[in-house]
Amino acid sequence: MGKMKAVVIDKVTEANDIEIKKVEIPFVKPGWVLVKVKGFGLNHSEQILRLEEIQADYINKPVIPGIECVGEIVDGSDSQFKAGQKVIALMGGMGRSFDGSYAEYALLPVHHVFAIESDLNWEELAAIPETYFTAWGSLFECLQLQSEDTLLIRGASCALGYAAIQIAKALGSQVIATTHKEKYFSQLSAADEVIIDDGKLAGKIEGVTKALDLVGPKSLLDTLKAVDKGAIVCETGILGGVYALNGFDPIKDIPNGVYLTGFFSNYPTQKIVDDIFEFFKKYNLKPIYGPVYKFKDIEEAIAMQDSGRANGKIVVVME
């Protein structure tokens, strides 16, 4: 099959240690398809892998990172996919259990590859898979968002927060967005109200019927107390750097009549992907994202990610 360019890691890897190497293009096998990668977004999950998780025994090292991509089918193997078909892929073990998308080609399990029909260009498409799937699942599968809802998005100044605001406003919901710094207010201007989050929202806001908490366990107990009775709270992010809530007492910590759920983005389906792209078309939306880099400059892209200055989804496109 020849060689391809890829980022491969086997130990903790800072941005300045990123290298593009030449590796073998993978051979196709039953149940898997070969995709020519056209672009992908950088994710917090991959940052955790590079800086911490790569040391874990369950990571199949060495590994090509990347939990999502957009591209074209090169070889559909025994699947229904045809060569040249436009697809997106995400999760299912990408970049951890098997090689992911930081490469010119990716061999991916057919059950996590999805056909798309879209007039968006590759750069725009690359901003969609993980971010918009997670926003969609959190808002509709978990929060059952309706146009009459008032939605609180806690930790909104991130790629997922921007996507959630965009979707909720297109639907017609009221949105209250929080951030920890005033410098992000302009990026959150699509929300109906933006407030500084000092860690304590309970008693300061009212009328919230749905809440998307992207800060994580660090703020969850306060979020549960900040919403109205009958509200649903969805725990999706871990921006606060706290991954578990020790001593959590559901009986005492979840207020009476408030509902708690969480979204795990490991189970995409073709129907959900279709629904997302139909929503984009219906409301004439384009994805929101931040800086764009060529694959040859991926070290710079990752340095930007590690700096925390990107202020939006970082997108990488192939030459």
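From a predicted model like this one, the values you see are computed outputs, not experimental measurements.

**Student:** I'm lost on the environment of Y105 in this one. Help?
**Tutor:** Relative to the helices and strands, Y105 is located in strand β6 (residues 105-109). A residue is classified by how much of its surface remains accessible, and Y105, at 19% relative accessible area, is buried. Considered as a pair, Y105 and V74 are 31 residues apart in the sequence and their alpha carbons are 8.8 Å apart. The residues contacting Y105, other than those within four sequence positions of it, are M4, I25, L34, V35, K36, V37 and V74.

**Student:** What should I look at first to understand the side chain of E68 in this one?
**Tutor:** Topologically, E68 is positioned in strand β4 (residues 68-75). Here E68 falls in the buried class, since its relative accessible area comes to 0%. Of note is the side chain of E68, whose polar atom sits 3.0 Å from the backbone nitrogen of E130.

**Student:** Is there a simple way to think about the packing of aromatic side chains in this case?
**Tutor:** The geometry of an aromatic ring pair comes down to the distance between the two centres and the angle between the two planes. According to the stated counting rule, one finds eleven aromatic pairs in the structure shown. Each ring, one from F40 and one from F295, has its centre 6.3 Å from the other, and the planes form 80°; the classification is edge-to-face. With F40 in strand β3 (residues 32-41) and F295 in the loop between β14 (292-294) and α8 (298-307), the pair connects residues that are 255 residues apart, well separated along the chain. Considered together, F40 and F295 belong to a single accessibility category, that of buried residues.

**Student:** It is not clear to me how a negative patch on the surface should be interpreted in this structure. Could you clarify?
**Tutor:** Negative charge collects at one region of the surface, where E14, D17, E19, E299 and E300 lie side by side. Along the polypeptide, D17 turns up in the loop between β1 (3-7) and β2 (20-24). What makes D17 partly exposed here is its relative accessible area of 44%.

**Student:** Where do I start with unusual backbone geometry in this structure?
**Tutor:** Most peptide bonds adopt trans geometry, and most residues besides glycine take a negative phi value. The omega torsion across K61 and P62 is -10°, close enough to zero to call that bond cis. Following the sequence through the fold, P62 ends up in the loop between α1 (44-51) and β4. With a phi angle near 55°, N284 is a residue other than glycine that sits in the positive phi range. Relative to the elements of secondary structure, N284 occurs in the loop between α7 (270-282) and β14. In this structure N284 comes out as exposed when scored by relative accessible area, which is 69%.

So, how was this worked out
- Residues numbered from 1 in each chain as written.
- Predicted model: local features only at pLDDT ≥ 70, side-chain atom pairs only at ≥ 80, totals over all residues.
- Heavy atoms only, no water.
- Helix = DSSP H or I, 4+ residues; strand = E, 2+ residues; numbered from the N terminus.
- Buried < 20%, exposed > 50% of the residue type's maximum accessible area, 1.4 Å probe, protein only.
- Contact = heavy atoms within 4.5 Å.
- Polar contact = N/O pair within 3.5 Å; in protein donor to acceptor, adjacent residues only side chain to side chain.
- Phe/Tyr/Trp six-rings, centres within 6.5 Å; stacked < 30°, edge-to-face > 60°.
- Patch = residues over 30% accessible without salt bridge, like charges linked within 9 Å, V, L, I, M, F, W, Y side chains within 5 Å.
- Areas by Shrake-Rupley, 256 points an atom, 1.4 Å probe, with all protein chains shown as cover.
- Salt bridge = Lys/Arg side-chain N within 4 Å of Asp/Glu carboxyl O.
- Lys, Arg positive; Asp, Glu negative; His and termini not counted.
- Charge placed at Lys NZ, Arg CZ, Asp CG, Glu CD.

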